[in-house]
Amino acid sequence: MYKVLIIDDEPLARSIVREYLKEYSQIEVAGECADGFEGVKAIGQYQPDLIFLDIQMPKINGFEMLELIDRPPSVIFTTAFDEYAIRAFEAHAIDYLLKPFNKSRFDKALRNWLSQRNADGVTPFPSDLLSTAVQTPLQQSRVVVRIGGKIKIIPTQDIRYIEAADDYVKIHTGSDSFLKNKTMQYFEQLLDARQFVRVHRSYIVNIQQVTRLEPYEKENYIAILIDGLKVPVSKTGYLKLKQVLGL
Amino acid sequence: MPASVFSIKRNHYYFAIFWISWSIVHIWILQDRGYGFKAACIDSVVSNALLAGISLLVITTMRHYLPRKESVTYLFLLCIGLGLVWFGCAKLALSYVADEFVINSFNESVAVRVAIAIPVFGCVILMSALRYTLEEQKEQERRNGESERLVRDAELYKLRQQLQPHFLFNSLNSISALIISRPDEAREMIQQLSDYLRNTLRKEEHLWVKLGEEIHYLELYLSIEKVRFGHRLSTVIQCGDAACEMKLPAMLLQPIVENAIKFGLYDTTENITISIECFAGDRLLTVTVKNPFDPEVTFPKKGTGFGLNSVRKRLFLLFARNDLLSVSTDEHIFITQVKIPQ
């Protein structure tokens, strides 16, 4: 018996998936969610084998939701029209359903999943899909983090700097800092390069926060931020910073 | 300006090869007529170096100044003038480098030499004129193609905006879901969607329509969204008889209501109400659209963004006023107000 979740903000869109799933006796619909927040909760609660996931949803979109889950289940994406997402799916050879889809198209996608699932157990989720898929204007303008049971959306302009912390990165805003299970490289790619500069192996800084640069030891520098915080700047970081600031 | 003929390296060779061959033929003819080899060489080099030099000058000048049709006579005179200049220069140069025999023979054959030089310059002028005109035309065509492409892109973008593919395909998906369970509602929704699309396609932007008519289509749009999102969406529309008779530019309210739906319905999870209030003032129609928003997701402090710039721009083009569209927030309610002078 496989457990399935349907995550879509439109009730009729969910009902159509439920209806198509009726004839599959080996599949049980564990629940339906109307947004990404509910989705995160339900995935934690039910540990589904497969989710049907819409991309455009309130609060956080489907990709942002997946980012918040440590070991995402298999996903069949359903979307009406989303150029960025479709480009990402094509790039990673991922199956997706374009709404409206008919029964035979749905069956094809599901049988595909079932046969893969029977053959080699759990198919790992292609994590590099997310790093491609997040490169949309919307997602370059915000970062979604999870603090305990809560989910918070941080506009990128509120980020002061990002610091490497073991397997995580620590995102510093004015008042708080948040941990996220991603690499520095991921954020370096995601964030607007005209606003965020990787000044050091362990630091990315928002250049609007930098008030001045001070020399520090041999060829290194220290960036002083608006609130007085000091961020180390390496030699190559200094060159990058100079270029972005047009010095 | 078209690229210089000499910007292509191959043309350098053609130019050199032509003049070298021409000079050799020149030497051969003179030897045939009793010149010694050295005398023939001096005569040929001086004459042809000057011919080539003046041709070069002509080609370069033509790049900056292309003769037009009306100056054919002028070009003819130019050829004669160049021929005479060439003659003068050649004579002067020979007096320095050549012996009396060469100079005398040169003077004797003036008529033939000038008669050859003039058509040579004529050819050079014609060829470069042709060449540069062609280049210019190609450049012009490229520019035309580019601007046509821009216009096409803009039109496509506009069409896409009007049709809202996301809305369209999701509505079709809802219909697909309704067909088995609630066929009557499915049919009703197809009807609404068709009317809505027909209106979108028919409307021309410069048209002025009655507010009542515009509100009717907005109601269609909202009722489709109500089917998609079930009980989550309620709407309140207040439009008195006086206001309904007033006129406004077609499709002006549509983007405002779409915006309210986007932030009020697509980006929230609760049950929400969108209200449209129309008020007929003294020679002024005021329409106020209110929608809730989720402050966790949407940051209204980011200026007026919210996709209303096109409305503002349109109002400015119509009335040359920037104060007709205003936005404000009250707690978690976003308020868009548009005034239309009558």
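Located above this text is the structure these notes cover.
Residues numbered from 1 in each chain as written. Chains lettered and ligands numbered in written order. Predicted model: local features only at pLDDT ≥ 70, side-chain atom pairs only at ≥ 80, totals over all residues.

1. Quick word on the overall build of chain A
Link 1 in the chain: In terms of regular secondary structure, chain A is built from eight helices and 15 strands.
Link 2 in the chain: The buried share among the 247 residues of chain A stands at 33%. (Helix = DSSP H or I, 4+ residues; strand = E, 2+ residues; numbered from the N terminus. Buried ≥ 20, exposed ≤ 12 C-beta atoms within 10 Å, placed from the backbone.)

2. Description of the overall build of chain B
Link 1 in the chain: Assigned secondary structure in chain B consists of 11 helices and seven strands.
Link 2 in the chain: Per-residue burial for chain B yields a buried fraction of 26% across its 342 residues.
Link 3 in the chain: Considering only residue pairs separated by 6 or more positions, chain B has 74% of its internal contacts joining residues 24 or more positions apart. (Contact = placed C-beta atoms within 7 Å.)

3. Concerning the packing of helix 6 (residues 165–181) of chain B against helix 8 (residues 211–229) of chain B
All names here are of chain B.
Link 1 in the chain: Their axes nearest at 10 Å, the elements helix 6 and helix 8 cross at an angle of 55°. It follows from the interaxial angle that helix 6 and helix 8 lie oblique. When you trace helix 6 past helix 8, the crossing you get is left-handed. Of the residues in helix 8, those in contact with Asn170, Ser171 and Ser174 of helix 6 are Ile224, Val227 and Arg228.
Link 2 in the chain: Split into classes, the residues belonging to the contact of helix 6 with helix 8 amount to two nonpolar, three polar and one charged. (Axes fitted to C-alpha atoms, helices over the stretch in contact; angles between N-to-C directions. Parallel < 35°, antiparallel > 145°, perpendicular 65-115°, else oblique. Left-handed = near helix turned anticlockwise from the far one by under 90°. Nonpolar A, V, L, I, M, F, W, Y, C, P; charged D, E, K, R; others polar.)

4. Here's the deal with the nonpolar core
Link 1 in the chain: Counting 91 residues, the largest nonpolar core has A:Ile51, A:Val205, B:Leu218, B:Val257 and B:Leu285 as the members making the most contacts within it.
Link 2 in the chain: The leading source of residues in this core is helix 8 of chain B, at nine residues.
Link 3 in the chain: Sequence-distant contacts of B:Leu285, that is, excluding residues within four places in its chain, are made with B:Leu211, B:Ala243, B:Met246, B:Leu248, B:Cys278, B:Ala280, B:Ile340 and B:Gln342.
Link 4 in the chain: Judged by nonpolar contacts, the second largest core, of 15 residues, contains B:Val46, B:Ala90, B:Phe121 and B:Ile125. (Core = buried A, V, L, I, M, F, W, Y, C linked by C-beta atoms within 7 Å.)

5. Some points on the pairing of strand 1 (residues 2–7) of chain A
For a regular strand, side chains alternate in direction, first toward one face of the sheet and then toward the other.
All names here are of chain A.
Link 1 in the chain: In terms of strand pairing, strand 1 meets strand 2 (residues 27–33) through six bridges, oriented parallel. Across the sheet, the residue bridging to isoleucine 6 is glutamate 32, located in strand 2.
Link 2 in the chain: Regarding the hand of the β-α-β motif, the stretch spanning strand 1, helix 1 (residues 11–21) and strand 2 is right-handed.
Link 3 in the chain: Sheet topology places strand 1 next to strand 3 (residues 50–54); four bridges connect them, and they run parallel. Bridged to isoleucine 6 within strand 3 is phenylalanine 52. (Pairing = 2+ DSSP bridges. Right-handed = clockwise from strand over helix to strand, strands pointing away.)

6. Here we look at the interface of chain A and chain B
By a widely used convention, the size of an interface equals the accessible area lost when the partners come together.
Link 1 in the chain: On the side of chain B, 21 residues touch chain A, which itself brings 17 residues to the contact.
Link 2 in the chain: No other element matches helix 1 of chain A, which puts five residues into the side of chain A that touches chain B.
Link 3 in the chain: Residues of the side of chain A that touches chain B, tallied by class, amount to 11 nonpolar, two polar and four charged.

7. A closer look at the sheet that holds strand 15 (residues 230–233) of chain A
Residue and element names in this part refer to chain A.
Link 1 in the chain: Taken in spatial order, the three strands of this open sheet run 13-14-15, and their pairing is antiparallel. Every interior strand has two partners, whereas the edge strands, strand 13 (210–216) and strand 15, have only one. Ignoring strand direction, the axes of neighbouring strands in this sheet form an average angle of 30°.
Link 2 in the chain: Summarising the sheet, strand 13 and strand 14 (residues 220–225) pair through six bridges and their orientation is antiparallel. Opposite tyrosine 216, over in strand 14, you have asparagine 220 as the bridge partner.

8. Some points on helix 1 (residues 9–32) of chain B
Residue and element names in this part refer to chain B.
Link 1 in the chain: With 24 residues, helix 1 should cover 34 Å at 1.5 Å per step; its first-to-last C-alpha distance of 36 Å lies within 8% of that length.
Link 2 in the chain: Looking only at helix 1, the buried set comprises Ser23, His26 and Leu30.
Link 3 in the chain: Looking at the buried positions of helix 1, the neighbouring elements they touch are helix 2 (37–64).
Link 4 in the chain: Residue glycine 34 follows helix 1 closely and has a positive phi angle near 100°. (Expected span 1.5 Å × (residues − 1).)

9. Remarks on the sheet that holds strand 12 (residues 203–206) of chain A
Residue and element names in this part refer to chain A.
Link 1 in the chain: The five strands are arranged 10-9-8-12-11 in an open sheet whose pairing can be described as antiparallel. Because the sheet does not close on itself, it has two edges, and the strands there are strand 10 (177–180) and strand 11 (196–200). The average angle at which neighbouring strand axes cross in this sheet is 25°, direction not considered.

10. Let's talk about the pairing of strand 5 (residues 284–292) of chain B
Residue and element names in this part refer to chain B.
Link 1 in the chain: Where strand 4 (residues 272–281) meets strand 5, seven bridges bridge the pair, whose relative direction is antiparallel. Looking across to strand 5, one finds that glycine 281 is bridged to leucine 284.
Link 2 in the chain: In terms of strand pairing, strand 5 meets strand 7 (residues 333–341) through nine bridges, oriented antiparallel. Considered in strand 7, the bridge of valine 287 is made with valine 338.

11. Some points on unusual backbone geometry
Link 1 in the chain: For the peptide bond that leads from A:Lys99 to A:Pro100, omega is -10°, which places it in the cis range.
Link 2 in the chain: Along the chain, the position of A:Pro100 falls in the loop between strand 5 (96–98) and helix 5 (103–120).
Link 3 in the chain: Unlike most non-glycine residues, A:Gln47 shows phi in positive territory, near 45°.
Link 4 in the chain: For A:Gln47, the position within the fold is in the loop between helix 2 (36–46) and strand 3.
Link 5 in the chain: Of note in the backbone geometry, B:Arg283 takes a positive phi value of approximately 55° without being a glycine.

12. Some remarks on helix 3 (residues 72–97) of chain B
Link 1 in the chain: Spanning 26 residues, helix 3 of chain B covers 37 Å between terminal C-alpha atoms, matching the ideal 38 Å at 1.5 Å per step.
Link 2 in the chain: Residues of helix 3 of chain B that are buried: B:Cys79, B:Leu82, B:Gly83, B:Trp86 and B:Ala90.

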